[in-house]
Amino acid sequence: MTKSMRARTKAFLVGLALCLSVPASFFGSSALAADPLPASITLGKKLGGVAVNNDTHEALVLSEEPARLHRIKLENRSVAALNLPEEAEVLAVDEKRNLALVAIEDKKLAFVDLAASQLLPETVSFEHEIEAIAVHGELGIAVVLEDEGDTVAFVDIAKRQSLVRLTLKGKLEGVAIHRDRQKAYVVSADGSKLAVIDLKTRSLESEVSVSKHARHIVVDEKLDLAAVANKEKKRIEVVDLKTLQVVQTHDNLPGQPYALALNPDTHMVVVATKEAHGLSLLDLEAKKLTPSYANLPEKPESVAVSVRYNLAVVTVHDSNEVRFIELPNPVPVLKEIVPPDVTVPAPAFAMMAVGEHFVDASKVYLDGKPLTTRWKDPDHLEADIPADILKTAGLHAVKVVTPAPAGGESATLTFTAKNPVPVLTAVNPVEVFAKKGNQAITLTGRQFLSSSEVFFGAQKLVATYVNDTRLTAVIPGTLLLESGVVPITVFNPGPGGGSSGFINLTVRKAGPSISAFTPKEGPVGTTVTITGDNFDALSPGSNR
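**Student:** Help me understand the overall build of the chain in this model?
**Tutor:** Of the regular secondary structure elements, the chain holds one helix and 50 strands. The C-alpha radius of gyration of the chain comes to 39 Å, more than 25% above the 24 Å expected for a compact globule of 544 residues. Once the C-alpha set of the chain is aligned to its principal axes, its extents read approximately 140 × 50 × 45 Å. Taking all 544 residues of the chain together, the buried fraction comes to 48%. Contacts in the chain between residues far apart in sequence, at least 24 positions, make up 49% of those at least 6 positions apart. Within the structure as shown, the chain displays about 25200 Å² of accessible surface, and the carbon and sulfur contribution to it stands at 51%. For the chain, the separation between the mean place of its 56 positive charges and that of its 64 negative charges on side chains is 4 Å.

**Student:** Would you mind going over the pairing of strand β8 (residues 108-113) with me for this structure?
**Tutor:** Here is the key point about a regular strand: its side chains alternate between the two faces of the sheet. For β8, a buried count of six out of six residues is recorded, marking the element as mostly surrounded by other parts of the structure. Alternating positions in β8 separate into two faces, Lys108, Ala110 and Val112 on one and Leu109, Phe111 and Asp113 on the other, with burial throughout. Taken together, the six bridges between strand β7 (residues 99-104) and β8 define a ladder with antiparallel strand orientation. Bridging from a neighbouring strand, Leu101 pairs with Phe111 of β8. The hairpin turn running from β7 into β8, its antiparallel successor, is three residues long, and Lys107 in that turn takes a positive phi close to 65°. Bridging between β8 and strand β9 (residues 118-125) involves five bridges; their strand directions are antiparallel. Directly across from Asp113, in β9, lies its bridge partner Gln118.

**Student:** How should I be thinking about unusual backbone geometry in this particular structure?
**Tutor:** Most peptide bonds adopt trans geometry, and most residues besides glycine take a negative phi value. With an omega dihedral of -5°, the bond running from Glu65 to Pro66 counts as a cis peptide bond. On the secondary structure map, Pro66 appears in the loop between β3 (58-65) and β4 (68-73). Cis geometry marks the peptide bond from Ala404 to Pro405; its omega dihedral reads 5°. Tracing the backbone shows Pro405 in the loop between β36 (394-402) and β37 (408-409). Located in the positive-phi region is His277, a residue other than glycine, with phi close to 50°. Position of His277 relative to the elements: it lies in the loop between β23 (268-273) and β24 (278-283). Judged by relative accessible area, which is 25%, His277 ranks as partly exposed. The phi dihedral of Lys287 falls on the positive side, at around 60°, and the residue is not glycine.

**Student:** Whenever I open this one, the pattern of salt bridges confuses me. Can you help?
**Tutor:** Two side chains with opposite charge may pair up if their charged atoms get near one another. All told, the structure shown has 28 salt bridges when counted by the stated rule. In this structure, Asp147 engages Lys171 in a salt bridge whose closest nitrogen and oxygen atoms are separated by 3.7 Å. Of this pair, Asp147 sits in the loop between β11 (141-146) and β12 (151-156) while Lys171 is found in the loop between β13 (161-167) and β14 (172-178), placing the two residues 24 residues apart along the sequence. With relative accessibility at 22%, the residue Asp147 sits in the partly exposed group. We note a salt bridge from Glu431 to Arg508, for which the minimum N-O separation is 3.0 Å. Of this pair, Glu431 sits in strand β40 (residues 431-433) while Arg508 sits in strand β48 (residues 503-508); the two residues are 77 residues apart in sequence, bridging distant segments of the chain. Taking the relative accessible area as the measure of exposure, Glu431 reaches 42% and is therefore partly exposed. On the basis of relative accessible area, Arg508 is assigned to the partly exposed category, the value being 40%. Residues participating in the shared-partner salt-bridge network are Asp147, Lys171, Glu173 and Arg215.

**Student:** Sorry if this is basic, but what is going on with the nonpolar core here?
**Tutor:** Within soluble globular proteins, side chains that are nonpolar tend to cluster in buried spots. If you look at the biggest cluster of nonpolar residues, it comprises 20 residues, and the most contacted ones within it are Leu424, Val427, Ile441, Leu443, Phe456, Ile488 and Leu505. Of all the secondary structure elements, the ones that give two or more residues to this core are β39 (423-428), β41 (439-446), β42 (453-456), β45 (470-475), β46 (484-492) and β48. For Leu424, the contacting residues outside a window of four places in its chain are Leu443, Thr444, Gly445, Phe448, Ile488, Thr489, Val490, Ser500, Gly501 and Ile503. With 19 residues, the next largest nonpolar core counts Val342, Val364, Leu366 and Ile385 among its residues.

**Student:** I would appreciate a short explanation of the environment of Val331 in the present structure.
**Tutor:** Its place among the elements puts Val331 in the loop between β28 (321-326) and β29 (333-338). It is 6.9 Å that separates the C-alpha atoms of Val331 and Thr402, two residues lying 71 residues apart in sequence. Sequence-distant contacts of Val331, defined by excluding residues within four places in its chain, comprise His357, Gly407 and Glu409.

**Student:** Looking at this model, I keep getting lost on a nonpolar patch on the surface. Mind explaining?
**Tutor:** Together, Ile514, Phe517, Val528 and Ile530 make up a nonpolar patch on the protein surface, roughly 370 Å² of accessible area in all. Note on placement: Ile530 falls in strand β50 (residues 529-533). Of the residues examined, Ile530 reaches a relative accessible area of 45% and is grouped as partly exposed.

Rules used throughout
Residues numbered from 1 in each chain as written. Predicted model: local features only at pLDDT ≥ 70, side-chain atom pairs only at ≥ 80, totals over all residues. Heavy atoms only, no water. Helix = DSSP H or I, 4+ residues; strand = E, 2+ residues; numbered from the N terminus. Rg over C-alpha atoms; globule rule 2.2 N^0.38 Å. Buried < 20%, exposed > 50% of the residue type's maximum accessible area, 1.4 Å probe, protein only. Contact = heavy atoms within 4.5 Å. Areas by Shrake-Rupley, 256 points an atom, 1.4 Å probe, with all protein chains shown as cover. Lys, Arg positive; Asp, Glu negative; His and termini not counted. Charge placed at Lys NZ, Arg CZ, Asp CG, Glu CD. Pairing = 2+ DSSP bridges. Salt bridge = Lys/Arg side-chain N within 4 Å of Asp/Glu carboxyl O. Core = buried A, V, L, I, M, F, W, Y, C linked by side-chain atoms within 4.5 Å. Patch = residues over 30% accessible without salt bridge, like charges linked within 9 Å, V, L, I, M, F, W, Y side chains within 5 Å.

Below, the structure written as structure tokens:
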């Protein structure tokens, strides 16, 4: 680093310390601001590039007067600002490292550590001003296009060092990255080719024919499609990245497409058109273009999209406002709830709704009532199940509802609050005599319910609930006519529930009993007739 460079860096850091103004709630958790949030906020003059960090859910905006990087927390639209040493119009975000890559006017790429809110001392120099930046976080590579050149530069983000340069044909203007394919796609303003670059080898792999005067490009990795904006023909071309063929052409834009941004979850491309002072939308999945979706008071300069809030963040160059445009919400898809059931009684807990196309405004509903819901990502919502739902067994309808614009309801799944399986540990008495009439028994265990049933073999008994550890029941005398061993069980009804283990109750044959005899007296040898019960005619000697 030269002496003059060290002096500029020192001055920049001093300016950064003086400028940094961060609300106490900016980096911590905070409650959502009261609705409605502002549709626009005022920043510095001559706003330029904008990017959204979809990991931290903040928008980054550049302003020229003063030269600053503004950070907007999208949850509540609070703002923090960092001074920049030079004017800047282009930036990108490395979400993996939480870095902002900023192209400043002295032909340098600067790096801002967003977690620490400070500029890193290293910069990477170029021959010309920087036109576009794209980042592959997993590979740690930034792909940089220069304003007046035909060169693609590769930068090692971790080391903040230039790697190799690749020369292509034409004035390069747009670049996008496919992370899974590890490819970069580059368009030129005066050529008619879309260049495909292998990021591993940093070499040109192939080219795709597109219309001349391509300006911007975005890549939808899930659909394997790229949308290319043609600045002269008011056209968007869609390229299939598997076949490298143009598969859609949309010519009815209200003006020249100036900037593109993509919501990868909804497959919606936001197209900023300066002439029409507005935004158009291209649904890549439905292959449908919506011209003039939103009107703006001035010409849009740059646009980025928040996946969580399904929001377009737009800068207007000739004003000092950042505008927030709500995009059409998708219809949520609910595939699974975790857990799908719980044994009652249970304390309150957090359920996870698993599906697709969830946004921050999506809510989980239980039996038609909204639950406290937290967005985790486009495929997961966390919802609080209150304890009062978990006192008794029952079936509950669960769905996800996303409000307007657009939105809708998911299909309904069933959450089961289920009864426990009873546990039987003792029966008292465990032995009874046959032919003695009705017999009361007491059952001890766990997880008994007021609806629990007691069975004597296959016969249901009249049972009384005492508490969750005790039941009483009566065995009718008609079931105790014969000796034997009979299992006693407890059954809890559904949903859930089930049968306990069994304890055997032994029915013993009753001993002989005498009710009368005659005569009452007599000499030795007198025959006595004895009347009673349970005499054994086959073994008279046992009747004692």
